[in-house]
Amino acid sequence: MNHIGKDPAANGTGEQLDFWSFVDLAGHRLADEFGFPHRLATRLLLTLNRASAIVTYDLESTVHRPRGHSWAAFRLLFVTWLAGPLEPGRAATLAGMSRAAVSNLAKTLVADGMLARTPGERDGRSVIMSLTEDGRRAMLEIFAVQNERERQWADVLTETEQQMLIMLLDKLIAGREQFDARERS
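Not measured: the values here are computed from a predicted model.

Points about the side chain of Gln146
Among the structural elements, Gln146 can be located in helix α6 (residues 133-154). Discounting chain neighbours no more than four positions away, the residues touching Gln146 are Leu59, Val63, His64, Trp71 and Phe74.

Re the pairing of strand β2 (residues 127-131)
Two faces make up the sheet, and in a regular strand the side chains alternate between them. The element β2 is largely enclosed, with a buried count of four among its five residues. Strand direction decides the pairing type here: strand β1 (residues 115-119) and β2, joined by five bridges, are antiparallel. Looking at the pairing, Leu115 lines up with Leu131 of β2.

Focus on the layout of surface pockets
To find leftover empty space, one rolls a probe the size of a water molecule over the atoms. The calculated volume of the largest pocket comes to roughly 1900 Å³. Those elements that provide at least two residues to the lining of the largest pocket are α2 (39-64), α3 (71-83), α4 (88-95), α6 and α7 (159-174). Per-element accounting of the lining of the largest pocket gives the leading share, eleven residues, to α2. Looking at the lining of the largest pocket residue by residue, the class counts come to 26 nonpolar, eight polar and seven charged.

Cut-offs used in this document
Residues numbered from 1 in each chain as written. Predicted model: local features only at pLDDT ≥ 70, side-chain atom pairs only at ≥ 80, totals over all residues. Heavy atoms only, no water. Helix = DSSP H or I, 4+ residues; strand = E, 2+ residues; numbered from the N terminus. Contact = heavy atoms within 4.5 Å. Buried < 20%, exposed > 50% of the residue type's maximum accessible area, 1.4 Å probe, protein only. Pairing = 2+ DSSP bridges. 1 Å grid on protein atoms, 1.4 Å probe; cavity = no way out; pocket = protein on both sides within 12 Å on 5 of 7 lines; lining within 4 Å. Points joined across faces, edges and corners; volume = space filled by probe spheres on them. Nonpolar A, V, L, I, M, F, W, Y, C, P; charged D, E, K, R; others polar.

See the structure below:
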């Protein structure tokens, strides 16, 4: 097929695709042209991933980047703030990150004065991470801003709808055991 002069973002009718028309197009083509039978599952996961990406990007760009940190740095600080002091492996599990990512982020956050690393009691190589006083003060300020942004996002739904969405996402996550889903741990 010759694509010269055609807009690769058009849907075949000359119209520009947006996310939702792309999802419709993908569902149609995957089912009708390629024979993939699970159209609704594809739509669900595309929508879930898009929603997660949009919310994460919004929080990172409006709350965390202006304060000099990434979403990943916030996640590490958040779990250390609320559950800490922690060994890096435990922090990685709680934050949904790899141990290598935690190790790299910890170096930056220690240099920024937000995080402290002290020797662990388990063996000579173990360390414990905890927030510094500056880190605790920063997390109170940062989370106040984030929590307000979370409220703005959540207010699109009624309280009942929020509870239902939480229940459905919990069910989706719990169902991963039925098919040996992989995750960071």
